[in-house]
Amino acid sequence: MNIAIVGIGLIGGSIGIRLKETNFFDKIIGVEKSEVNQKKALQLGLVDEIQTLEEAMKTCKVIVLTIPVDAIMTLLPKLLDIATDQVIIDMGSTKSNILNLIKDHPNRGRYVAAHPMAGTEYSGPEAAIPNLFKDKMMVYVEAFRSDEDAFELADAVTEQLEMQTSFMTAEEHDMHTAYVSHISHLTSFALALTVLEKEKSQGRIFELAGSGFQSTVRLAKSSPDMWTPIFKQNRTNVLEVLEEHIKQLQHIYEKIQNEDYEAVHKWIKKSNKIKRIIK
Ligand SMILES: O=C(O)C(=O)C[C@]1(C(=O)O)C=C[C@@H](O)C=C1
């Protein structure tokens, strides 16, 4: 049994390199538009060979989509049109729109919506690492709508990646990811810009960047090709979360402006409760 990975970047490449270790599949096939990335993927040993998507649909039982979410919106309906007994797993970061788009497709059962909560700020095949998914969460979205055998095969892949599992509806998934993952990226992009645009001395940024700045600005290195489509697909939730975030910033702005340091202390103390959830 072969698996095809469509899009060999950080996620696709990391799946490939891990699955090559486990030997669960006979062959790991890479499907990749960019010739440069095709070469890198082969050189780095992330996949066994490169095929076109048309070829891969004939030679592979499992097709994993690890491309930006807007590209998944375009590609998935076309793949379902030609699917027979393959399992198509979408590993994108947003789910409501895509699930809505294919909800009445006759081959809906062959599709599994899954979101690995793992990643780094780096992208491309050279960013791939074998243990990226170990002990991280694979979120299945509306798994009960997939054919039983399709879900079982997708879950076998998750097991090979040594992940834990969680189940959600599309609405829950997109709302919670907006609150946890998407806002983190937005604040990091904004932080990087605030500093870059106001602190003109790059030398000083470099000299003063301790671990505080390093850790909060880490996500600002993430790819616009991945994140612009996420904000587009999850627009309503993202706007709601941004509004809440702006309120917090406005609140602390006013407290500091009014020299109400008791309120500042209280605000920080309240936020420290995050320690109970995240160590
Ligand atoms: O840790 C990071 O660098 C990530 O960007 C990983 C992260 C996240 O926000 O946690 C980013 C997007 C994916 O949809 C899942 C995981």
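Residues numbered from 1 in each chain as written. Predicted model: local features only at pLDDT ≥ 70, side-chain atom pairs only at ≥ 80, totals over all residues. Heavy atoms only, no water.

Undergrad: It is not clear to me how a nonpolar patch on the surface should be interpreted in this structure. Could you clarify?
TA: Together, Met175, Tyr179 and Val180 give the surface a local cluster of nonpolar side chains, amounting to about 260 Å² of exposed area. Within the secondary structure, Tyr179 sits in helix H7 (residues 170-198). (Patch = residues over 30% accessible without salt bridge, like charges linked within 9 Å, V, L, I, M, F, W, Y side chains within 5 Å. Areas by Shrake-Rupley, 256 points an atom, 1.4 Å probe, with all protein chains shown as cover. Salt bridge = Lys/Arg side-chain N within 4 Å of Asp/Glu carboxyl O. Helix = DSSP H or I, 4+ residues; strand = E, 2+ residues; numbered from the N terminus.)

Undergrad: Would you mind showing me how to read helix H11 (residues 235-257) here?
TA: If you check H11, its first and last C-alpha atoms are 32 Å apart, about what 23 residues at 1.5 Å a residue would give, namely 33 Å. All of the buried residues in H11 are Asn237, Val238, Val241 and Ile252. If you follow the buried residues of H11, they end up packed against H7, helix H10 (224-233) and helix H12 (261-271). At the C-terminal side of H11, Glu259 shows a positive phi close to 55°. (Expected span 1.5 Å × (residues − 1). Buried < 20%, exposed > 50% of the residue type's maximum accessible area, 1.4 Å probe, protein only. Contact = heavy atoms within 4.5 Å.)

Undergrad: What should I look at first to understand unusual backbone geometry in this one?
TA: Excluding glycine, most residues fall at negative phi; most peptide bonds, likewise, are trans. A positive phi angle is found at Asn23, which is not glycine, with a value near 60°. When you line up the elements, Asn23 lands in the loop between helix H1 (10-22) and strand E2 (27-31). Backbone geometry places Glu142, a non-glycine residue, at a positive phi of 50°. Within the secondary structure layout, Glu142 lies in the loop between strand E7 (137-141) and helix H6 (148-160). For Glu142, a relative accessible area of 11% translates into the label buried.

Undergrad: Where do I start with H1 in this structure?
TA: Owing to its 3.6 residues per turn, the α-helix aligns residues three or four sequence positions apart on the same side. For H1, which comprises 13 residues, the first-to-last C-alpha distance of 19 Å matches the rise-based estimate of 18 Å (1.5 Å per residue) to within 8%. Among the 13 residues that make up H1, ten are buried, leaving the element largely enclosed by the rest of the structure. Regarding H1, the residues found buried are Leu10, Ile11, Gly12, Gly13, Ser14, Ile15, Gly16, Ile17, Arg18 and Leu19. Buried residues in H1 make contact with strand E1 (2-6), E2, strand E4 (62-65) and H6.

Undergrad: Would you mind going over the site of the ligand with me for this structure?
TA: Around the ligand sit 14 residues in total, of which Ser93, His115, Ser181, His185 and Arg218 are the nearest. Backbone polar atom of Gly119 to an oxygen atom of the ligand: 3.4 Å apart, as the coordinates give it. Elements represented by at least two residues in the shell around the ligand include exactly strand E6 (111-117), H7 and H10. Sort the elements by how many residues they give to the shell around the ligand and E6 lands first, with three residues. (Near = heavy atom within 4 Å. Polar contact = N/O pair within 3.5 Å; in protein donor to acceptor, adjacent residues only side chain to side chain.)

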